Amino acid sequence: MKIRKLDIENYETVVHATDDATGLNAFIGVHDTTLGPALGGMRIWPYEREEDALTDVLRLSKGMSYKSAIAQTGLGGGKSVIVGSPDVVRNPETLRAMGRFIETLEGKYITAEDVNTRVVDLEIVREETKWVTGLPLEKGGSGNPSPYTGFGVFLGIRTCLEEAFGSDDPKGKHVAMQGVGNVAQAVIEQLLKAGATVTACDINEKRINAVKEKYPEVTFVDPDTIYDIPCDVFSPHALGAIINDQTIDRLRCPIIAGAANNQLAEVRHGDILREKGILYAPDFVINAGGIVNVSVEFQEGGYNEEVALKKIGNIQNALKSTFAMAKEDGTSTNRAAIAVAKKIIADAKRS
Ligand code: NAD
């Protein structure tokens, strides 16, 4: 395996591995370890160019630093990406090579689930390195993080409803969901139970059919029209950069609150949302449930679900103080949250 170290300003460690024997082509980004080892998921994606994979790992690892700082997980920010189609990459040889790659960082980076990785994949990675979280409960891990991320997003939607409408009750509110994957399904279940109506879309026919069967109340629309749906909450649960120059004027919602990472194409899109009077729940604040759940694995005595759920409840306080700070400073909620995260890391660096 060839491992190349890349010098990237403001990142502690960025490494690129290629391995002819197994076909592994992967990046690990360690953004900051001031608050603890850098924990973040392992994404598998068919990036068209290597530089797209690098850009992604840099953006995502920085996001993890901010997310963990605000959620007070005691962890730093990192991420890894494997270049390739999941059908090709998700084979034992490549995953084991990824495990060996992670092992070279000696615990500075700890991996977890992310888009296109499953618990079974992590179990294979674990054969080569102990720096793996999110393994099944019976193997001493905290299990699949998605339901916990979903729980945090549901609580976060309630906080947004309170901020925008003066009541956190989802009853009678209409939520438009982009993507009905693992996290979204946990959110849908809780929204429906609480009396909300849900309009959704996905690009994966299998996923749509599974959700239709489980939740026949959900109305499906074409993926391209989801931005135009008049609703109380637009809830992104697919990929990033979906709030951009092409979509922002189409939105017909007072609230944006969902799990997808890096929802704003650029920071300035948060400013436009503010000008439009749309309340934006910064993604790295509202989607911290999964990382909070995983972080409980590091507590004395190991993982405990009760402790995790209680800590995930803090997402509501983090959102409330973000909204208050944004108002006070006359800035976007996104900029306010970034400022808080940066200050937490800078204060810890000084002490
Ligand atoms: P997932 O892969 O299970 O679900 C994503 C869904 O989005 C899939 O069903 C996919 O078909 C769909 N999709 C992709 N492009 C689409 C498009 N253009 N329009 C409509 N649907 C589209 O992933 P997940 O684990 O549910 O994560 C969803 C998002 O939340 C991702 O951005 C992820 O990074 C973020 N997130 C997840 C967690 C977690 O615990 N899983 C934690 C934090 C953030």
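The notes below deal with the structure included here. (Residues numbered from 1 in each chain as written. Predicted model: local features only at pLDDT ≥ 70, side-chain atom pairs only at ≥ 80, totals over all residues. Heavy atoms only, no water.)

1. Let's talk about the site of the ligand
The criterion, for reference: Consider each residue's heavy atoms; a residue with any of them within 4 Å of a molecule or strand counts as near. Pairing of N or O atoms within 3.5 Å defines a polar contact, subject to two protein rules: one partner must be a possible hydrogen donor and the other a possible acceptor, and residues neighboring in sequence count only if both atoms are side-chain atoms. The Shrake-Rupley method, run with a 1.4 Å probe, gives the accessible areas here. Residue values count only the displayed protein chains as cover. Each helix is a run of H or I in the DSSP string that is no shorter than four residues. Each strand is a run of E no shorter than two, and both are numbered from the N terminus. Amino acid classes used here: Ala, Val, Leu, Ile, Met, Phe, Trp, Tyr, Cys and Pro are nonpolar; Asp, Glu, Lys and Arg are charged; the rest, including Gly, are polar.
Close to the ligand lie 21 residues; T149, D202, R207, A238 and N261 are nearest. One of the side-chain N or O atoms of T149 is found 2.7 Å from an oxygen atom in the ligand. A distance of 2.6 Å separates an oxygen atom of the ligand from a polar backbone atom of A238. Burial of the ligand by the surrounding chains reaches 83%, relative to a free accessible area of 830 Å². At the level of secondary structure, the elements contributing two or more residues to the shell around the ligand comprise α5 (146–165) and α6 (182–193). A breakdown of the residues in the shell around the ligand according to their chemical character gives 8 nonpolar, 9 polar and 4 charged.

2. What about the sheet that holds strand β12 (residues 255–256)?
Our working rule: The pairing criterion for strands is at least two bridges between them, as found by DSSP. Every residue pair with non-hydrogen atoms within 4.5 Å of one another is taken to be in contact. Interaxial angle, 0 to 180 degrees, is taken between N-to-C directions of lines fitted to C-alpha atoms, where a helix line uses only the stretch in contact.
Spatial strand order, β10-β9-β8-β11-β12-β13: 6 strands in an open sheet with parallel pairing. Two strands lie at the open edges of the sheet, namely β10 (219–220) and β13 (279–280), each paired on one side alone. In this sheet, β13 lies alongside β12 in parallel orientation, the contact comprising 2 bridges. Across the sheet, I255 pairs through a bridge with L279, a residue of β13. Sitting on the sheet, α6 touches β8 (174–178) and β9 (197–201), and the angle it makes with β8 is about 170 degrees.

3. Description of unusual backbone geometry
Stated formally: When accessible area is computed with a 1.4 Å probe and restricted to protein chains, residues below 20% of their type maximum are described as buried, those above 50% as exposed, and intermediate ones as partly exposed.
Positive phi, close to 70 degrees, is recorded for N116, a residue that is not glycine. Taking relative accessible area as the criterion, N116 reaches 26% and is therefore assigned partly exposed. With a phi close to 60 degrees, A241 is a non-glycine residue in the positive phi region. Inspection of the secondary structure assignment puts A241 in the loop between β11 (233–236) and β12.

4. Things to note about the nonpolar core
Put simply, the rule reads: Definition used in this section: a nonpolar core is a set of buried Ala, Val, Leu, Ile, Met, Phe, Trp, Tyr and Cys residues joined via side-chain atoms within 4.5 Å. Bear in mind that the domain bounds are from an automatic or database domain assignment.
I157, M177, I188, L191, V198, V218 and A257 are the most contacted members of the largest nonpolar core, which has 57 residues in total. Mapping this core onto the domain boundaries places at least three of its residues in each of domain 1 (2–62 + 75–132) and domain 2 (146–288 + 316–343). Beyond its immediate stretch of four places on either side in the chain, I188 contacts M177, V180, V198, V211, Y215 and V218. In terms of nonpolar packing, the next biggest core, distinct from the first, is built from 23 residues, A26, I82, M98 and I124 among them.

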